[in-house]
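Chain by chain, the residues:
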Amino acid sequence: MHFNVIYYLAKMMQHLRKWKWTILAGICFLLLCFLPASFIEEYYSRGLFLGIRKLLDNSFGKLPFPSYYLFLIVLFLIVLKWFLHFFKEKPQPVLQRLIKIASFAGIMITLFFIMWGFNYGRVPLENQIQLNVKPLTNEQLLAETQTTILILNKIRTSIKNDTNPIPEIVFINNIEQNSRDALDSTLHTFKYPFSTKIRGRFLFEDMFLIVGIGGQYLPFTGEGNVDDAVYYSKKPFYLIHEMAHGNGFTNEAECNFISYVSCVESGNLSLEYSGELNYLFYLFDALKVKDSANWEAVRAQIPTALKNDLEAIRKYYLEHTFKSAYFGDKINNYYLKIMGIKDGVKNYDKMLDLVYAWKQK
């Protein structure tokens, strides 16, 4: 009897070992759900994650090319190996193949959580910096839109005092270092630890835009990546957003907010313009939904130079918008909801409430 118990326990452990990575991935999800935010903030976001951040900066961050490409090559080789395996004379049984696929997925999910994903459970930024965040009223939204247009036009006049397009070089010259410095300054002000070596890379044109996103942070390499087809005056904002992810911020609205503050407080006109420009697009989207009549009136009164800039961006994105973006938006929406961001892609828009609360403070 005793021997039978030991035998069955051994067999059970053998079966469990086959699913160990899948089980670990499940445990990671449970930890994210049940660990207190204060615990994650202190011991992971401001503890273990900083060590991982340093390791990534001094490995993948030293490469002369985006490590995103290296990640895709490795992933392609793994998938190719599995695909070729199906043509063997005596392939493994279907169940064993499924176990291996589940194990690989478990490894990737577990690594994702260890290297970055637990930051989804940290204390919200608005609590850390004590912002009194409330949804904007229609009147506040209209006033904020009008004010932003005036500020943006003033910055634009300082950069180029005519109605001709601003040269691209103004925005992309030393863009990575300028963006990193601006982000570091903001995180220092907000009393957050940060990496002074985090990389922001630009990838092949339309590599991300084909699925409707402008950038992506890859936890497995620790780099923020932006599609090179993003319009040049929007690039600094996008780059800082992705590097904010790399410093442990997962919430999209928080990264938009951090990017905005970093841009407008940088003292760099190109960054200030990029921050206010992207902010204006979010304001326009919200105003169009809530108060379409005033949205039309505001757009009609935009100064000529700024109106030309907005029209150039509109025409540019007609050539860089794809039907496949619909699927990318859906996937991103589901991913954010799975990770605990209940409003999904609409979370990006909460940036308006954060910025307004910060301005009032």
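Note that the coordinates shown come from a computational prediction; the quantities given were computed from them, not determined experimentally.

Visitor: For this particular structure, what's the right way to read the nonpolar core?
Guide: Within soluble globular proteins, side chains that are nonpolar generally end up buried alongside one another. Within the largest apolar cluster, 88 residues are counted, with the highest numbers of intra-cluster contacts made by Tyr120, Phe257, Ile258, Tyr260, Tyr273 and Phe284. Residue contributions to this core peak at 10 residues, all from helix α12 (residues 269–290). Not counting residues up to four positions away in its chain, the partners in contact with phenylalanine 284 are Thr145, Ile149, Trp295, Val298, Arg299, Ile302 and Leu310.

Visitor: Could you clarify how one ought to interpret the packing of aromatic side chains in this entry?
Guide: The geometry of an aromatic ring pair is captured by two quantities: the separation of the ring centres and the angle between the planes. The tally for this structure, following the rule as stated, stands at 22 aromatic pairs. By the ring-pair criterion, three or more aromatic residues cluster together here, those being Phe29, Tyr44, Phe49, Phe112, Phe113, Trp116, Phe118, Tyr120 and Tyr217. Cation over ring: lysine 234 sits above phenylalanine 281, and NZ or CZ is 4.7 Å from the ring centre. Over the ring of phenylalanine 202 we find lysine 235, and its NZ or CZ is 5.1 Å from the ring centre.

Visitor: How do you make sense of the pattern of salt bridges when you look at a structure like this?
Guide: Two side chains bearing opposite charge may form a pair once their charged atoms approach each other closely. In total, this model carries 12 salt bridges according to the counting rule given. In this structure, lysine 160 engages aspartate 162 in a salt bridge whose closest nitrogen and oxygen atoms are separated by 3.2 Å. Lysine 160 gets classed as partly exposed once you look at its relative accessible area, which sits at 22%. A salt bridge links glutamate 176 to arginine 199; the nearest nitrogen and oxygen atoms lie 2.7 Å apart. One end of the pair, glutamate 176, is in helix α9 (residues 175–189); the other, arginine 199, is in the loop between α9 and β1 (200–203), and 23 residues separate them in sequence.

Visitor: Explain the environment of proline 66 to me, please; I cannot follow it from the model alone.
Guide: Its location among the elements puts proline 66 in the loop between α3 (37–57) and α4 (67–85). The spacing of proline 66 and glycine 200 is 134 residues in sequence and 8.7 Å in space, taken between C-alpha atoms.

Visitor: Looking at this model, I keep getting lost on unusual backbone geometry. Mind explaining?
Guide: Keep in mind that most residues, glycine aside, have a negative phi and that most peptide bonds are trans. Unusually for a residue other than glycine, glutamine 130 sits at a positive phi of about 55°. On the secondary structure map, glutamine 130 appears in the loop between α6 (125–128) and α7 (138–159). Look at aspartate 206: it is not a glycine, yet its phi comes out positive at around 70°. With respect to the helices and strands, the residue aspartate 206 is situated in the loop between β1 and β2 (215–218).

Visitor: Before we go on, may I ask you to explain the packing of α9 against helix α11 (residues 252–264) in this structure?
Guide: Where α9 contacts α11, the two axes come as close as 8 Å, and the packing angle between them is 110°. Between α9 and α11, the crossing angle belongs to the class labelled roughly perpendicular. Here α9 contributes Ala182, Leu183, Thr186 and Leu187 to the contact with α11, which in turn contributes Ile258, Val261 and Ser262. Looking at the contact of α9 with α11, its residues break down into 5 nonpolar, 2 polar and no charged.

Visitor: Just to check I follow, could you spell out helix α10 (residues 235–246) for this structure?
Guide: Because the α-helix completes a turn every 3.6 residues, residues three or four places apart line up on one side. For α10, spanning 12 residues, the distance from its first C-alpha to its last is 17 Å, which sits close to the expected 16 Å at 1.5 Å a residue. Of all the 12 residues making up α10, 11 are buried; the element is thus mostly covered by neighbouring parts of the structure. Of all the positions in α10, only Lys235, Pro236, Phe237, Leu239, Ile240, His241, Glu242, Met243, Ala244, His245 and Gly246 are classed as buried. Phi turns positive, to about 100°, at glycine 248, one or two residues after α10.

Visitor: What exactly am I supposed to notice about the packing of α7 against α12 here?
Guide: To describe two helices that pack against each other, one gives the angle between their axes and the distance between the axes. Running from N to C, α7 and α12 cross one another at 150°; their axes reach a closest spacing of 9 Å. Judged on the interaxial angle alone, α12 and α7 are roughly antiparallel. For the element pair α7 and α12, the recorded crossing hand is left-handed. Of the residues in the contact of α7 with α12, the class split is 16 nonpolar, 5 polar and 5 charged.

Visitor: Would you explain a nonpolar patch on the surface in this entry?
Guide: Where nonpolar side chains cluster on the molecular surface, the patch consists of Ile73, Phe76, Leu77, Leu80, Phe83 and Leu84 and spans about 600 Å² of accessible area. Inspection of the secondary structure puts phenylalanine 83 in helix α4.

Visitor: It is not clear to me how the environment of glutamate 144 should be interpreted in this structure. Could you clarify?
Guide: Inspection of the secondary structure assignment puts glutamate 144 in helix α7. Under the relative-accessibility criterion, glutamate 144 is labelled buried at 7%. For the pair glutamate 144 and leucine 352, spaced 208 residues apart in sequence, the C-alpha separation works out to 9.4 Å. Setting aside its immediate chain neighbours within four residues, glutamate 144 contacts Tyr279, Leu283, Tyr356 and Lys359.

Criteria and cut-off values
- Residues numbered from 1 in each chain as written.
- Predicted model: local features only at pLDDT ≥ 70, side-chain atom pairs only at ≥ 80, totals over all residues.
- Heavy atoms only, no water.
- Core = buried A, V, L, I, M, F, W, Y, C linked by side-chain atoms within 4.5 Å.
- Buried < 20%, exposed > 50% of the residue type's maximum accessible area, 1.4 Å probe, protein only.
- Helix = DSSP H or I, 4+ residues; strand = E, 2+ residues; numbered from the N terminus.
- Contact = heavy atoms within 4.5 Å.
- Phe/Tyr/Trp six-rings, centres within 6.5 Å; stacked < 30°, edge-to-face > 60°.
- Lys NZ or Arg CZ within 6 Å of the ring centre and 35° of its normal.
- Salt bridge = Lys/Arg side-chain N within 4 Å of Asp/Glu carboxyl O.
- Axes fitted to C-alpha atoms, helices over the stretch in contact; angles between N-to-C directions.
- Parallel < 35°, antiparallel > 145°, perpendicular 65-115°, else oblique.
- Nonpolar A, V, L, I, M, F, W, Y, C, P; charged D, E, K, R; others polar.
- Expected span 1.5 Å × (residues − 1).
- Left-handed = near helix turned anticlockwise from the far one by under 90°.
- Patch = residues over 30% accessible without salt bridge, like charges linked within 9 Å, V, L, I, M, F, W, Y side chains within 5 Å.
- Areas by Shrake-Rupley, 256 points an atom, 1.4 Å probe, with all protein chains shown as cover.

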